[in-house]
Amino acid sequence: MRRLTALTAAAVSLPVLAGVSADEAAKLGNELTPIGAISAGNEAGTIPAWIGQELFSQEVQDLSRDELEQWRKKDPKKIEDLVFDEIERNADKFDKNPLESTLTITKANYKQHASKLTVGHQKMFELYDDYKMIVYPTVRTAFFPEEIYEATKANATSATLEGTDSVKNAKLGFPFPIPKQGAEVIWNHKTKFRGSAVKRYNNQAIVAQDGDFKISKLVEDVKFKYANLNDQSDDSNKLIAYYLQEVVSPPRVAGQVTLVHETADQSSGGRNAWLYDPGIGRTRRAPNVGYDNPSLGSDGEQFNDQIDVFNGALDRYTWKLLGKKEMYIPYNSGQMNSPLLKYDDILGKGHINQDYARYELHRVWVVEATLRDGQRHQFKKRTFYVDEDSFSIAVVDCYDNRDQLWKLQEAHLTTFPFVPTTSGSPELIYDLQTGRYFATAMTNEDQISDFDVSYEDRMFLPQGLARVAGRR
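Every chain is numbered independently, its residues counted from 1 as its sequence is written. Owing to the predicted nature of the model, reporting of local features is limited to residues with pLDDT of at least 70; listing and counting of side-chain atom pairs is limited to 80 or more, with chain, interface and lining totals taken over all residues. The basis for every side-chain value is the complete set of heavy atoms in the structure, and neither hydrogens nor water enter the calculation.

Colleague: Honestly, the overall build of the chain in this entry has me stumped. Any pointers?
Modeller: Helix and strand assignments follow DSSP, with helices taken as H or I runs no shorter than four residues and strands as E runs no shorter than two, numbered in order from the N terminus. Scanning the chain from N- to C-terminus turns up 10 helices and 17 strands. Using C-alpha atoms as the atom set, the radius of gyration is obtained and then compared with a globule rule of 2.2 Å times the number of residues to the power 0.38. A compact globule built from 472 residues should have a C-alpha radius of gyration of about 23 Å, and the chain, at 21 Å, falls within 12% of that. Taking the principal axes of its C-alpha atoms as reference, the chain extends roughly 60 × 50 × 50 Å. Scored against the burial criterion, the 472 residues of the chain give a buried share of 61%. The contact rule is simple, with two residues in contact once any of their heavy atoms fall within 4.5 Å. For the chain, restricting intrachain contacts to residue pairs at least 6 apart in sequence, the fraction spanning at least 24 positions comes to 67%. Accessible area of the chain: about 19300 Å², with a carbon and sulfur share of 47%. Working definition: with a 1.4 Å probe on protein chains only, accessible area under 20% of the residue-type maximum means buried, over 50% means exposed, and in between means partly exposed. Under the convention used here, a 1.4 Å probe and the Shrake-Rupley method define accessible areas, while residue burial counts only the protein chains that appear.

Right, here's the structure in full:
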């Protein structure tokens with residue numbers, strides 16, 4: 001792999017590491033952002049200083065779900081332009097107009113930019129003559145609540161990771177804002193603030209080689225237990241989240257319900273999961289909801305541990321922190337989520353319509369996961385590219401057990417200032433060997449995710465799954 005910056009090769013075989021020193025933690029909120037990114041831009045001026053919350057008016061930060069839903073129905077262009085309108089309002093803060101592209105990378109010129117492209121992205125240019133990446137000036141929009149920043153600074157000196165899967169002495173914020181191991185970066189992604197709870201209307205599609213697709217619809221209720229501003233109960237450091245999913249369509253699988261209790265200590269038994277099958281009217285334990293077992297409705301194109309780009313236990317891999325690198329990644333993808341677009345506009349043969357995709361140059365943490373001896377997974381190696389400003393995984397190159405590049409994961413990162421968080425919407429998994437791809441976390445033709453909801457823990461009890469089925 002090309003030369004990367006400092007912070008090389010820390011792996012899970014190392015002993016338990018204590019938190020960073022008080023002197024290192026003092027950098028947070030100064031030369032480092034409150035969650036550990038480099039505050040300043042790069043020397044070339046192609047990456048600016050972090051702007052975050054400063055970009056957004058209080059009015060935008062305070063938007064309710066009801067107001068957004070009214071926009072979707074009456075003036076949907078407002079939703080598409082939400083972040084871009086804020087950029088225009090702050091035009092004096094930028095050297096270049098962030099709304100005007102500076103570069104289009106194509107099959108003809110991608111090798112000139114290969115140092116800033118993942119192996120998977122380079123493969124897309126080789127496979128598809130019409131594939132392109134439209135690059136825009138970088139805007140570092142990611143930010144989180146002040147409570148998350150305060151907790152993150154406290155975690156910096158106290159949190160530890162035992163092996164790969166047991167986080168200790170962390171509360172509410174990012175556990176490892178100044179990571180020393182690859183697994184710590186991934187745990188930051190897993191535990192990041194995404195709101196205290198959310199109801200998400202998730203549309204997904206398996207796109208065939210000829211571009212044909214059918215939409216399946218899920219409704220997902222999530223209560224975040226770890227990064228929850230409203231409920232820091234005694235078990236909030238043991239559980240990451242409660243996750244309840246019901247399949248709404250297609251009819252042949254409608255009514256199937258999945259329940260997951262995601263733990264912050266995968267080493268002591270891992271996640272608990274249950275499935276309700278309306279055909280037999282029974283709820284049963286689901287030990288296979290994890291690792292490389294196919295996720296429901298993906299026809300094998302998404303493994304369970306690829307949901308949210310990566311989730312679940314890390315124990316089958318060694319994790320190397322290769323450092324930071326400047327890469328082109330999908331970012332500020334407001335247009336991709338526009339209610340003015342139909343899925344027919346977005347989903348095409350071989351890949352999505354790249355006219356609606358926005359790429360920017362960002363610093364990313366590069367983490368390499370390699371399957372451990374004696375362990376089984378259909379991915380032998382994965383290379384993760386993780387946004388330094390949000391710890392959101394943006395791109396993953398996935399290799400099969402023949403060491404051949406197999407799949408490319410791409411999360412089109414979007415900042416939702418009314419939460420506030422940065423997350424991937426949509427998420428894509430390109431099968432580079434078959435020409436199919438899987439798209440998930442699409443909401444263009446559906447309701448807006450509701451971050452104003454509040455759930456009691458008892459909603460996520462397995463004995464209640466039969467009451468959930470068919471009520472969406």
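Colleague: Just to check I follow, could you spell out the packing of aromatic side chains for this structure?
Modeller: Between two aromatic rings, the relevant description is the distance of the centres plus the angle of the planes. Each Phe, Tyr or Trp ring, with Trp reduced to its six-membered ring, pairs with another whose centre is within 6.5 Å; inter-plane angles below 30 degrees give stacked pairs, above 60 give edge-to-face pairs, and intermediate values give tilted ones. Scanning the model with the defined rule gives 16 aromatic pairs in all. Aromatic side chains Phe416 and Phe418 sit 6.1 Å apart centroid to centroid with 65° between the ring planes, which places their arrangement in the edge-to-face category. A centroid spacing of 5.8 Å and a plane angle of 85° characterise the contact between Tyr455 and Phe460, whose relative ring orientation is edge-to-face. Accessibility classification places Tyr455 together with Phe460 in one group, the buried group. Taken together, the aromatic side chains of Phe310, Tyr317, Trp319 and Phe384 make up a single cluster linked through ring pairs. Across from the ring centre of Tyr291, 3.5 Å away, lies the NZ or CZ of Arg316, which sits over that ring. Geometrically, a charge over a ring is one whose NZ (Lys) or CZ (Arg) sits within 6 Å of the ring centre while staying within 35 degrees of the ring normal. Over the face of the ring belonging to Phe303 we find Lys407, whose NZ or CZ atom lies 5.1 Å from the ring centre.

Colleague: So what exactly am I meant to see when it comes to the nonpolar core here?
Modeller: Here is a general trend for soluble globular proteins: nonpolar side chains tend to be buried in one another's company. Core analysis: the largest hydrophobic core is formed by 112 residues, its most contacted members being Ile105, Trp319, Leu347, Ile352 and Phe384. When residues no more than four places from it in sequence are discounted, the contact partners of Ile352 are Met336, Ile346, Leu347, Ala357, His412, Leu428, Tyr430 and Tyr437. The criterion is simple. A nonpolar core is a set of buried Ala, Val, Leu, Ile, Met, Phe, Trp, Tyr and Cys residues joined through side-chain atoms within 4.5 Å. One finds Leu244, Tyr276, Phe460 and Leu465 within the second-largest nonpolar core, a separate group that totals 13 residues.

Colleague: What should I look at first to understand helix α6 (residues 119-127) in this one?
Modeller: Counting along an α-helix, one turn takes 3.6 residues, and residues three or four places apart therefore face a common direction. Among the residues of α6, Gly120, His121, Gln122, Met124 and Phe125 are the ones counted as buried. Here a polar contact is recorded for every N or O atom pair within 3.5 Å, except that within protein the pair must consist of a potential hydrogen donor and a potential acceptor, and residues adjacent in sequence are included only if both atoms are side-chain atoms. With a side-chain oxygen lying 3.3 Å from the backbone nitrogen of Gly120, the N-terminal cap of α6 falls on Thr118.

Colleague: What exactly am I supposed to notice about helix α7 (residues 146-158) here?
Modeller: The end-to-end C-alpha distance of α7, which contains 13 residues, comes to 19 Å, matching closely the 18 Å that a straight helix rising 1.5 Å per residue would cover. Where α7 is concerned, the buried positions are Ile148, Tyr149, Ala151, Thr152, Asn155 and Ala156. Against the buried residues of α7 lie α1 (22-25). The length a helix should cover is 1.5 Å for every residue beyond the first.

Colleague: For this particular structure, what's the right way to read empty space enclosed by the protein?
Modeller: Any empty space left between the atoms is revealed when a probe the size of a water molecule rolls over them. Only protein atoms enter the 1 Å grid, on which a cavity is a set of points fitting a 1.4 Å probe that cannot get out and a pocket is an open set with protein on both sides within 12 Å along at least 5 of 7 lines, lining residues being those with an atom within 4 Å of a point. Grid points are joined across faces, edges and corners, and a volume is the space filled by probe spheres set on the points. In the structure shown here, the tally under the stated rule is three cavities of 30 Å³ or more. In this structure, the largest cavity occupies an estimated 50 Å³ of space. Taken together, Gln302, Gln306, Val309, Gln409, Glu410, Ala411, Glu427, Leu428, Ile429 and Thr440 make up the lining of the largest cavity. Secondary structure elements with two or more residues in the lining of the largest cavity: β15 (405-416) and β16 (421-431). Among the residues forming the lining of the largest cavity, the class breakdown is four nonpolar, four polar and two charged. Note on residue categories: nonpolar means Ala, Val, Leu, Ile, Met, Phe, Trp, Tyr, Cys or Pro, charged means Asp, Glu, Lys or Arg, and polar means any other residue, Gly included. Of the residues that constitute the lining of the second largest cavity, the class distribution is four nonpolar, one polar and three charged.

Colleague: Explain the pairing of β16 here, please?
Modeller: If a strand is regular, its side chains alternate between the two faces of the sheet. For β16, the buried fraction is high: 11 of the 11 residues fall into the buried class. Burial of the side chains of β16 extends over both faces: Thr421, Ser423, Ser425, Glu427, Ile429 and Asp431 are buried on one face and Thr422, Gly424, Pro426, Leu428 and Tyr430 on the other. Following DSSP output, two strands are said to pair if at least two bridges run between them. Taken together, the nine bridges between β15 and β16 define a ladder with antiparallel strand orientation. Looking across to β16, one finds that Gln409 is bridged to Ile429. The turn joining β15 and β16, which pair antiparallel and follow one another in sequence, is formed by four residues.

Colleague: Help me out: how do you make sense of unusual backbone geometry in this one?
Modeller: Most peptide bonds take the trans configuration, and most residues that are not glycine carry a negative phi. Note the cis peptide between Val419 and Pro420, where omega equals -10°. Of the consecutive residues Ser425 and Pro426, the connecting peptide bond is found in the cis state with omega at 0°. Mapped onto the secondary structure, Pro426 falls in strand β16. One non-glycine residue, Val309, lies in positive phi territory at about 70°.

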